[in-house]
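# Summary of the model geometry
This is what each chain is made of:
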Amino acid sequence: MSELILEEEEVDVLREIANIGSGHAAASMEKWLERAMLLDVPKAFLVPVEEVAEHIGDPLQTVICVYSRVSGEITGHLLYTLTLEDAKVLLDILLDPEDRKWGFSPDNLSAIAETGNILFNAYLAAVSRTSGLELYPGTPACAADMLEAVVNTVLLEICEGSEHTLVLETQFCGEGISSVGYVLFLAENEALKRMVKKAEEQ
Amino acid sequence: MPRRIIVKLGDREVSDQPGDVLTSVLGSCVGVIIMDRNGPLTGMAHIMLPERTKGMPEGSRRAKYAGPGVLALVREMVNRGSRRGDLYAKLCGGARLFGENSLQNIGERNITVTRMALRKLNIPILAESVGGETGRNVLVEVGTGRVVVKVSGDSMEVI
């Protein structure tokens, strides 16, 4: 069996699906944070597996990452990743001043995990509708660790059949705030191809 | 000039230049470091997966899987002049970053299969920093045999 390669047209379709997912995620984020969100068009980059982390950010920087497995008609992976500055901005919005002083305590991290959960649910619901594939998020898990360690750990789940991986990345910014993290969607090339095919039949 | 040599995901690097540093960031992956009692020759393989799933392509990465990855690293060191009996190993990585019940525990399987591969080749493991729930930034000093393991935040250990 040789490697499945994603064609440029397929990447375009997937970027559009991610765009719709991100739009819905931003709308849910607006309600959750009670402020307007600004959203860039998602980036889609197809890179060798070992270069994914460096395309996202500084591989050694500590990030907070919420992870959820995507199951249903295809398997995929969603990550909501925040630099420590992003996480601080988010907690300042979500928490009372009294709770903020605990920094990245387990309780405060669970507020970030809940934010990830809200984003993932909205993102996947829209991706499901657009692609016609039934998809469900799993229970979110949270880690604070080096970006490269986190990203590579998730990549191990999808890298076996492919040397290159498509990364769909959306950064979330709010009015007056630079960034409150970004969402990454990853899946095996075979699963992504099925998503494109199904979406085109819609 | 001492070099900082990044050992990429699924790859391996070897150096005999004292002062060089071989480095990798490891989450669930395992870093196998092989050193020579009689000289500076030092190698590291960045193992991704315990073994190949049937039907999957082999791919081009030289140290993707534990067994072939360890064997190829040992062969390269022997080709560069080491005697098999002088080699010893240190292991790092194999963590489970997201706790229980999320991703499969690839880290633990990576550790188990890598240890088996080393045992098969009669290469003793002299030190380990494995398992747990944190990623590791590993720096292998060629010539001194020291391996510095840093975790996110400030803490570090030397094995």
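The model shown is predicted, which means the values in this text are computed figures rather than measured ones.

### What about the overall build of chain B?
- A count of helical and extended segments in chain B gives two helices and 10 strands.
- Scanning chain B from its N terminus toward the C terminus, one meets helices and strands in the order β-β-β-β-β-α-β-α-β-β-β-β.
- Oriented by its inertia axes, the alpha-carbon framework of chain B measures out at about 45 × 40 × 25 Å.
- Each of the 159 residues in chain B was classed as buried or not, and the buried ones make up 56%.

### Comments concerning the environment of M1 of chain B
- By the element assignment, M1 of chain B lies in the segment before β1 (4–6).
- Along the chain, M1 of chain B and Q17 of chain B lie 16 residues apart, while their C-alpha atoms are 9.3 Å from each other.

### Structural notes on empty space enclosed by the protein
- Throughout the structure, instances matching the rule amount to two cavities of 30 Å³ or more.
- Its volume calculated, the largest cavity comes out at about 80 Å³.
- If you trace the largest cavity, you find 14 residues lining it, with T153 of chain A together with S28, R96, L103 and Q104 of chain B closest to the centre.
- Here the residues of the lining of the largest cavity are counted per class, giving five nonpolar, seven polar and two charged.
- Of the pockets and cavities examined, the second largest cavity occupies roughly 40 Å³.
- Taken together, L14, I17, A18, Y123, V127, L168, F185 and M195 of chain A make up the full set of residues lining the second largest cavity.
- Contributing elements (two or more residues each) for the lining of the second largest cavity: α1 (8–33) and α5 (106–131) of chain A.

### Overview of the side chain of K90 of chain B
Residue and element names in this part refer to chain B.
- Its location among the elements puts K90 in strand β6 (residues 87–93).
- Summary of buried charges: K90 has no salt-bridge partner, and the nearest side chain of opposite charge, E141, is 9.4 Å away.
- Within polar-contact distance, the side chain of K90 engages the backbone oxygen of G145 at 2.8 Å.
- Here I159 takes part through its backbone oxygen, which lies 3.1 Å from a polar atom of the side chain of K90.
- Contacts of K90, omitting those with residues within four sequence positions, involve G31, V32, I33, M35, A127, G145, V147 and I159.

### Some words on the pairing of strand β7 (residues 164–174) of chain A
All names here are of chain A.
- Counting buried positions along β7 gives nine out of 11 residues, so the element sits mostly inside the fold.
- By the bridge criterion, six bridges tie strand β2 (residues 43–48) to β7 in an arrangement that is antiparallel. Residue pairing across strands places P48 opposite H164, the latter belonging to β7.
- Examined bridge by bridge, β7 and strand β8 (residues 182–187) share four bridges and lie antiparallel to one another. What sits directly across from L168, in β8, is F185.

### A short note on the interface of chain B and chain A
- The partner chain A presents 28 residues to the 36 residues of chain B that form the contact.
- Overall, the association of chain B and chain A removes approximately 2,700 Å² of surface from exposure, summing both partners, and the carbon and sulfur fraction of that is 61%.
- At the junction of chain B with chain A, the criterion picks out one salt bridge.
- The salt bridge involving R61 of chain B is made with E50 of chain A; its shortest N-O contact spans 2.4 Å.
- For the pair chain B and chain A, the interface holds four residue pairs in polar contact (both at pLDDT 80 or more).
- Mapped by element, the contributors of at least two residues to the side of chain B that touches chain A are β3 (21–26), α2 (106–120), β8 (136–141) and β9 (147–151) of chain B.
- Taken together, the residues of the side of chain B that touches chain A sort by class into 14 nonpolar, 14 polar and eight charged.

### Looking at the packing of aromatic side chains
- Scanning the entire structure with this criterion turns up two aromatic pairs over all chains.
- For the ring pair Y67 of chain A and F98 of chain B, a centre distance of 5.3 Å and an interplane angle of 40° mean the geometry is tilted. A residue pair is termed interchain when its members come from two chains, as with Y67 of chain A in strand β3 (residues 62–72) and F98 of chain B in the loop between β6 and α2. By the burial criterion, Y67 of chain A is buried, and F98 of chain B matches it.
- Note on Y123 of chain A and F185 of chain A: the rings are 6.3 Å apart at their centroids and 35° apart in plane angle, and the pair reads as tilted. Here Y123 of chain A is found in helix α5, whereas its partner F185 of chain A is found in strand β8, with 62 residues between them in sequence.
- By relative accessible area, Y123 of chain A is classed as buried at 1%.

### Observations concerning the layout of surface pockets
- One number sums up the size of the largest pocket: a volume of about 290 Å³.
- In terms of lining residues, the largest pocket is bounded by 17 residues, among which E54, P59 and E148 of chain A together with I6 and V25 of chain B are the most central.
- Elements supplying a minimum of two residues to the lining of the largest pocket: α2 (52–56) of chain A together with β1 and β3 of chain B.
- At three residues, the largest contribution of residues to the lining of the largest pocket is made by β3 of chain B.
- When grouped by side-chain class, the residues that make up the lining of the largest pocket number seven nonpolar, four polar and six charged.
- Its boundaries defined by the atoms lining it, the second largest pocket holds a volume of some 190 Å³.
- In terms of lining residues, the second largest pocket is bounded by L156, E157, E160 and E188 of chain A together with L49, P50, E51, T53, M56, Q104, I106 and R109 of chain B.
- Split by residue class, the lining of the second largest pocket holds five nonpolar, two polar and five charged.

Conventions adopted
- Residues numbered from 1 in each chain as written.
- Chains lettered and ligands numbered in written order.
- Predicted model: local features only at pLDDT ≥ 70, side-chain atom pairs only at ≥ 80, totals over all residues.
- Heavy atoms only, no water.
- Helix = DSSP H or I, 4+ residues; strand = E, 2+ residues; numbered from the N terminus.
- Buried < 20%, exposed > 50% of the residue type's maximum accessible area, 1.4 Å probe, protein only.
- 1 Å grid on protein atoms, 1.4 Å probe; cavity = no way out; pocket = protein on both sides within 12 Å on 5 of 7 lines; lining within 4 Å.
- Points joined across faces, edges and corners; volume = space filled by probe spheres on them.
- Nonpolar A, V, L, I, M, F, W, Y, C, P; charged D, E, K, R; others polar.
- Lys, Arg positive; Asp, Glu negative; His and termini not counted.
- Salt bridge = Lys/Arg side-chain N within 4 Å of Asp/Glu carboxyl O.
- Polar contact = N/O pair within 3.5 Å; in protein donor to acceptor, adjacent residues only side chain to side chain.
- Contact = heavy atoms within 4.5 Å.
- Pairing = 2+ DSSP bridges.
- Buried area = accessible area lost by both parts, 1.4 Å probe.
- Phe/Tyr/Trp six-rings, centres within 6.5 Å; stacked < 30°, edge-to-face > 60°.

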